[in-house]
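The lines below spell out each chain.
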Amino acid sequence: MAAPLAPAPLNGQWRGPLKLLGGEITIVITIVPLTNGTYYAALDAPQQRISRMPVEVEVKDDNLTLRIEQAGSSFVGKIQDDGATLSGTWKQPGVTAPMVLKRAIASTQAATKFKATPPYRLSDVAFTNPATRQRLAGTLTVPAGEGPFAAVVLLSDSGPQSREVEVPGYRMFGQLADYLTRHGVAVLRFDDRGVGKSGGTYANATTADLVTDAQAALAYLRTSPLVSAHRVGLLGHGEGANVALLAAAGAGRAPAFVVSLAGYGQTGYDVLLRQQGEIMRLIGADPAQVKAAQDVYQRTVNIIRQTPDNAAARTKVASLLAGANMGLDGSMARARAVQLTSPWARYFFDFDPQAKLDKVQCSVLLLNGTADLQVSARRNMTPLYKALRHANRTATSYKLTGVNHLFQAPPAQWPLVNAAPQAVFSPEALKLVHTWIAQETKLPGGPLPVTVKRPRPSRKASRTPSTARTRS
């Protein structure tokens, strides 16, 4: 008798209501299977302006556990209806409630529009990182015409992500690449290690390791006959922005420019501590619960820093988490301890984004949104800007009013698709990025007129603290 077929890996987006005191909010969970058999997942809560919060996934038969450590929350339940329904219990500080998540159906109209033939060349490409010998796969879009064109590599935020950087109803890098290519800039976006068609294992990579992927992508793009090799830059989002700045500060051939979208300016430890507090407050935790969770976080990091042996560190961390009244049972605490002692986590706790800015060898554009709850402009963009200026480096910075961490425009500006609002990349941000790249690379006019003067903020964008430029 043939063995029963294993269930298909979870892959998609599920949404459902979470009932809280005073009302309910919509929770959206995106789950993506990775090539090593594990999952990457993220949580979105649009009403709370929470996006891409990391989620740890554990699947055994039809049993599913989701752990959202930053929010001190978890979901334990069953996979039902061939994956169409996730039914179980949601726990967070002060709340234990039943929850049913239903698979989200993508908008047919939006999908058709996205797949329409664009007025530029689009091809699947692959290149090898010589430092790791891993093959990375992506998409190269090249403007119509003879070229050679200025070009940019897109680098994603923390967590293994596909070349599109997709969340419910929104392809962040897909929209960004489409706009830039239509306006005369070639764009390479690629799957992170262990995602999609790229080889390797993301979980073993630190922020510094990802720099070698960025450098390999730069080197590959420079070899394209339609690309101007001396006009190739990096554009990074979140951690990807810090990867771009590290590449610009490295010993190898520097990029022609760097665009930072919500790059970190604080140490990794401080970033994660603040994110935890902000997110817990948004989901209804009281000040005492936030303080208790942050105390556990601080004690956990201290243990990891003082215990270089991973086995010993995991035992200590699991014991701390299991006894901290955070809703984690023994297996969940052990799984979280493994995550917190990963190479990425150990590196990121002590990562100082400002340490090498004096070695950056190109101009930098810094953009942040005022509605970004994960990377505060004041706490992150401003320190980066000041450090670059102090080192006599060319830097320009803008705050974008109402724009969130995913650089989505304020919801009131979203177009309607099938009578429902469709998230879009901020048009203000798109124009600023393109105009700045055009000036830095002396980009000629494309399908639309190109303004090569210094961008001036409109009512939706304000400069901070100043965009005066100093050249080394």
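Residues numbered from 1 in each chain as written. Predicted model: local features only at pLDDT ≥ 70, side-chain atom pairs only at ≥ 80, totals over all residues. Heavy atoms only, no water.

Asker: How would you summarise the overall build of the protein if you had to cite specific residues and measurements?
Answerer: Within the protein one finds eleven helices and 21 strands. Within the protein, buried positions represent 54% of all 472 residues. Of all intrachain contacts in the protein linking residues separated by at least 6 positions in sequence, the fraction that spans at least 24 positions is 63%. Within the structure as shown, the protein displays about 20600 Å² of accessible surface, and the carbon and sulfur contribution to it stands at 54%. (Helix = DSSP H or I, 4+ residues; strand = E, 2+ residues; numbered from the N terminus. Buried < 20%, exposed > 50% of the residue type's maximum accessible area, 1.4 Å probe, protein only. Contact = heavy atoms within 4.5 Å. Areas by Shrake-Rupley, 256 points an atom, 1.4 Å probe, with all protein chains shown as cover.)

Asker: Can you tell me about the pattern of salt bridges, naming the residues and giving the values?
Answerer: A side chain of one charge can pair with a side chain of the opposite charge when the charged atoms of the two come close. According to the stated counting rule, one finds eleven salt bridges in the structure shown. Here Lys78 and Asp62 are joined by a salt bridge, their closest N and O atoms 3.7 Å apart. A residue pair is termed long-range when its members are at least 10 positions apart, and Lys78 in strand S6 (residues 73–80) and Asp62 in the loop between strand S4 (50–60) and strand S5 (63–68) qualify at 16 residues. Since its relative accessible area comes to 36%, Asp62 is described here as partly exposed. Across the pair Asp191 and Arg163 runs a salt bridge whose closest N-O atoms are separated by 2.8 Å. In this pair, Asp191 is assigned in the loop between strand S14 (186–190) and helix H3 (207–222) and Arg163 in the loop between strand S11 (149–155) and strand S12 (166–167), connecting sequence segments 28 residues apart. Of the two residues, Asp191 and Arg163, neither departs from the other in class, the shared state being buried. Connected via shared salt-bridge partners are Glu56, Glu58 and Arg67. (Salt bridge = Lys/Arg side-chain N within 4 Å of Asp/Glu carboxyl O.)

Asker: Outline the nonpolar core, listing residues and values.
Answerer: With 99 residues, the main nonpolar core has Leu261 and Phe407 as its most contacted residues. Of the residues forming this core, the biggest block, seven residues, is contributed by H3. Every residue in contact with Leu261, bar those within four places of it in the chain, is listed here: Met172, Leu176, Leu235, Gly236, His237, Gly238, Ala241, Leu367, Phe407, Phe425 and Val433. Counting 24 residues, the second largest nonpolar core, distinct from the first, contains Ile27, Phe75, Leu101 and Ile279. (Core = buried A, V, L, I, M, F, W, Y, C linked by side-chain atoms within 4.5 Å.)

Asker: Give me the lowdown on the confidence of the model for the protein, citing residues and values where you can.
Answerer: Taken residue by residue, the protein gives an average pLDDT of 83. The fraction at 70 or more is 85%. Below a pLDDT of 50 lies the segment residues 1–5, which in the model reaches zero contacts outside its immediate sequence neighbourhood of four places, other chains included. Every residue in residues 107–114 scores below 50 in pLDDT, and together they form nine contacts with partners more than four places removed in sequence or on other chains. (pLDDT = per-residue confidence, 0-100.)

Asker: Give me the pairing of strand S9 (residues 120–129): which residues, what numbers.
Answerer: The sheet contact formed by S9 and strand S10 (residues 134–143) spans ten bridges and is antiparallel. Each residue of the ladder has a partner; that of Thr128, found in S10, is Arg135. The antiparallel pairing of S9 with S10 creates a hairpin that spans four residues between the two strands, and Arg133 there sits at a positive phi of about 65 degrees. (Pairing = 2+ DSSP bridges.)

Asker: I'd like a description of the packing of aromatic side chains, backed by residues and values.
Answerer: Enumeration according to the criterion identifies ten aromatic pairs in this entry. Arranged with centres 5.5 Å apart and planes meeting at 20 degrees, the rings of Phe127 and Tyr220 form a pair that is stacked. Here Phe127, found in strand S9, pairs with Tyr220, found in helix H3; they are 93 residues apart in sequence, far enough to count as distant. Looking at Phe127, the relative accessible area reads 5%, which means it is buried. Seen from their ring centres, Tyr347 and Phe351 are 5.7 Å apart, and the 25 degrees between their planes marks the pair as stacked. For Phe351, a relative accessible area of 5% puts it in the buried group. A network of ring pairs unites the aromatic residues Tyr264, Trp344, Tyr347, Phe348 and Phe351 as a single cluster. In this structure, Arg305 is placed above the aromatic ring of Tyr269, and the distance from its NZ or CZ to the ring centre is 4.9 Å. (Phe/Tyr/Trp six-rings, centres within 6.5 Å; stacked < 30°, edge-to-face > 60°. Lys NZ or Arg CZ within 6 Å of the ring centre and 35° of its normal.)

Asker: I'd like a description of the pairing of strand S7 (residues 85–92), backed by residues and values.
Answerer: Judged from the seven bridges that link them, S6 and S7 form a sheet pairing that is antiparallel. Bridge pairing in S7 links Ile79 to Leu86. Connecting S6 to the antiparallel partner S7 that follows it, the hairpin turn spans four residues, and Asp81 within it adopts a positive phi of roughly 55 degrees. Across eight bridges, the pairing between S7 and strand S8 (residues 95–103) is antiparallel. Its bridge partner lying in S8, Gly88 is registered against Met99.

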